[in-house]
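Here's the letter readout for the chains.
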Amino acid sequence: MHSMRYELQDTSKVKHLFDGWEETLIYSCLQGVMGKVYVTDRENPRSAAAFVGCFLILAGEPDWELVAEKPDGFVIMLPQNEAWAELIEACFPDAKRVVRYAIRKDTKFDTDSLKQMAADIPEGYELHRIDDRIYDLCLQNPVTYDFVSSFKTKEAYLEEGLGIVALKDGEIAAGASSYSRYREGIEIEVDTREQDRRKHLATACSAALILECLDRGLYPSWDAHNLNSVHLAEKLGYEFSHEYAAYEVSGEMRTH
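To start, this report covers the structure provided alongside it. (Residues numbered from 1 in each chain as written. Predicted model: local features only at pLDDT ≥ 70, side-chain atom pairs only at ≥ 80, totals over all residues. Heavy atoms only, no water.)

A few words on the packing of helix H8 (residues 201-215) against helix H9 (residues 227-236). Packed helix pairs are characterised by how far apart their axes lie and by the angle those axes make with each other. It is at 11 Å that the axes of H8 and H9 come closest, and there the two elements cross at 50 degrees. The orientation of H8 relative to H9 falls into the category oblique. In the packing of H8 onto H9, the handedness of the crossing is right-handed. Contacts between H8 and H9 involve Ala-202, Thr-203, Ser-206, Ala-207 and Ile-210 from the first element and Leu-232, Lys-235 and Leu-236 from the second. For the contact of H8 with H9, the class distribution of residues is five nonpolar, two polar and one charged. (Axes fitted to C-alpha atoms, helices over the stretch in contact; angles between N-to-C directions. Helix = DSSP H or I, 4+ residues; strand = E, 2+ residues; numbered from the N terminus. Parallel < 35°, antiparallel > 145°, perpendicular 65-115°, else oblique. Left-handed = near helix turned anticlockwise from the far one by under 90°. Contact = heavy atoms within 4.5 Å. Nonpolar A, V, L, I, M, F, W, Y, C, P; charged D, E, K, R; others polar.)

Below you can see the structure in the form of C-alpha cells.
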C-alpha cells in the first residue's frame, strides 16, 4: 500500500490545528525555519504532524497514517490529546509513555545572577561558543551530537544556531546549544559527559547561552525531559508550567 502522507509546503493551512500549543518546535515547522509538516490531505488538512529533530508533534483529528508512517529512527511523539495518545499506543504497543515538563515561555531573567553562574566554573575548564571546529567535535560524541544534529548542515547551524560548551583539554565536557531554531528564539539542549557531572558546568553553559540569546533578542526556550532539568531551569530563573505525556518510539518498532 503506498503512503498517503505528504509533506505540506503551505503550512498556513494547518496553523489553526496547533492553536494555543506553546511548543517552539511547532513554531520552527510552521515558520519554515526548520523541520517538516506532514498531512494526509493537502487541500483541506484536518490533522497534521510537525517533525523536527526527533520530535513528531501530532495535532488535529487523530490520523492513523500520520502515526504509523513515522520518520525513521528513534522518535518522540507528542500527542495533542488523549485520543492521539491512544492511537500511538494502538499503533506502537511497545512505545514508552513518559512524562515531560513544560516550562513557561515568558521568563524575565536576572542577568546579573546569570553572569555569576556563567563565571562559576572549576579551574581547567573554559567556555567557548560552538564554532566551525567545535561543531565537528559535537558530532563525534553521542552526548554532544544533539547540540547540532537537528540542523541540516554545518552552515545552517553556524548561521541559525547558537551554543556554548565547556572545554577541558580540547574536549567537550558539557554544553548548552540550540536543539532547534524558530524566528524568535531557540529551544535549548543541555548535556554533560558522565565524568564531568556535578561541577556546575551545565549551569554555566546554560547561563552563558541564555545571556547570548538575550543579547541577540532571541528567546531561550526550555522544555524539560526530567526533574533534574526542571530544577536546573528553575535555578536559571525559569518557571515550571505543567506536565505532559510523550511517547518514545524506537527505530525498530513495527506497527500492527
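Further remarks concern the side chain of Ser-180. Here Ser-180 is to be found in strand E9 (residues 171-182). Once you skip the residues sitting within four places of it in the chain, Ser-180 turns out to touch Leu-25, Ser-28, Met-34, Val-52, Phe-151, Ile-186 and Glu-187.

Once that is clear, we can look at the sheet that holds strand E8 (residues 163-168). Read across the open sheet, the five strands follow the order E7-E8-E9-E10-E11; overall the sheet is mixed. Each edge of the open sheet carries a strand with a single partner, namely strand E7 (126-129) and strand E11 (219-221). Averaged over all adjacent pairs, the angle separating strand axes in this sheet is 30 degrees, with direction ignored. Note: E9 against strand E10 (residues 185-192), eight bridges, orientation antiparallel. (Pairing = 2+ DSSP bridges.)

Enumeration over the complete set of coordinates arrives at 18 salt bridges. Of the charged contacts, one joins Glu-212 and Arg-129 as a salt bridge, the two residues approaching to 2.8 Å between their closest N and O atoms. Taken as a pair, Glu-212 in helix H8 and Arg-129 in strand E7 lie far apart in primary sequence, 83 residues in all. A salt bridge links Asp-191 to Arg-197; the nearest nitrogen and oxygen atoms lie 3.8 Å apart. Here the salt bridges share partners, and the residues they tie into one network are Glu-171, Arg-193, Asp-196 and Lys-199. (Salt bridge = Lys/Arg side-chain N within 4 Å of Asp/Glu carboxyl O.)

Next up on the list: the environment of Leu-78. Relative to the elements of secondary structure, Leu-78 occurs in strand E5 (residues 75-79). In this structure, Leu-78 is in contact with Trp-21, Glu-23, Phe-55, Leu-56, Ile-57, Leu-58, Arg-100, Tyr-244 and Ala-246, ignoring residues within four places of it in sequence.

Read across the open sheet, the eight strands follow the order E1-E2-E3-E4-E5-E13-E6-E12; overall the sheet is mixed. In the strand order of this sheet, the two ends are held by strand E1 (6-7) and strand E12 (223-224), each with one partner. Pairing geometry for E5 and strand E13 (residues 240-249), over three bridges, is antiparallel. Looking at E13, one finds that Ile-76 is bridged to Glu-248.

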